[in-house]
Amino acid sequence: MYYITAARFPRESYEKNDDTRLKADKTRRHLEELALDSGLDPELNVQVAKTDDEVRIGVSEEFDQYLREAPGTWRHY
């Protein structure tokens, strides 16, 4: 499955800074709650990926499309 990056954080900051980790966790939880509210499985539609220099929070193409077409506004973090 292909994921679209909704948020990214420097890995070093994520691992050493509690505030950065807290922001990333809040962002992930918020997206998981939105997935549930949309009738989608959060485990399949929200992903956290750690690369050498970044921690990325991504959403599935299906979830991204839903958010873009749903009423209201959607913005990338």
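For clarity, every value in this text was computed on a predicted model and none was experimentally measured.

**Remarks on helix H2 (residues 18–37)**
With 20 residues, H2 should reach 28 Å at 1.5 Å per residue; the first-to-last C-alpha distance of 28 Å fits that figure. Within H2, burial applies to Thr 20, Ala 24, Thr 27, Leu 31 and Ala 35. Viewed along the axis of H2, the buried residues span an arc of 75°, placing them on a single side of the element. Summarising the geometry of H2, the exposed residues directed more than 90 degrees from the buried face are Asp 18, Asp 19, Leu 36 and Asp 37. Next to the buried residues of H2 lie strand E1 (3–10), helix H1 (11–16), helix H3 (42–45), strand E2 (46–50), strand E3 (54–60) and helix H4 (61–69).

**Re the sheet that holds E2**
Spatial strand order, E1-E3-E2: three strands in an open sheet with antiparallel pairing. Edge positions in the sheet fall to E1 and E2, since each has one partner strand and no second. On average, each strand axis in the sheet is tilted by 25° relative to the strand beside it, whichever way the strands run. Sheet topology places E2 next to E3; five bridges connect them, and they run antiparallel.

**Examining the side chain of Ser 60**
By secondary structure assignment, the location of Ser 60 is in strand E3. At a separation of 3.1 Å, a polar atom in the side chain of Ser 60 contacts the main-chain amide nitrogen of Phe 63. Apart from the residues within four sequence positions on either side, Ser 60 is in contact with Met 1, Tyr 2, Tyr 3, Leu 44 and Asn 45.

**Describing the nonpolar core**
Ranked by size, the top nonpolar core spans 14 residues in total, and within it Phe 9, Ala 24, Leu 31, Val 46, Ile 57, Val 59 and Phe 63 carry the most contacts. Where this core is concerned, the elements lending two or more residues are E1, H2, E3 and H4. Beyond its immediate sequence surroundings of up to four residues, Val 46 is in contact with Tyr 3, Arg 28, Leu 31, Glu 32, Ile 57, Gly 58 and Phe 63.

Conventions used here
- Residues numbered from 1 in each chain as written.
- Predicted model: local features only at pLDDT ≥ 70, side-chain atom pairs only at ≥ 80, totals over all residues.
- Heavy atoms only, no water.
- Helix = DSSP H or I, 4+ residues; strand = E, 2+ residues; numbered from the N terminus.
- Expected span 1.5 Å × (residues − 1).
- Buried < 20%, exposed > 50% of the residue type's maximum accessible area, 1.4 Å probe, protein only.
- Arc of directions from axis to C-beta.
- Contact = heavy atoms within 4.5 Å.
- Pairing = 2+ DSSP bridges.
- Axes fitted to C-alpha atoms, helices over the stretch in contact; angles between N-to-C directions.
- Polar contact = N/O pair within 3.5 Å; in protein donor to acceptor, adjacent residues only side chain to side chain.
- Core = buried A, V, L, I, M, F, W, Y, C linked by side-chain atoms within 4.5 Å.

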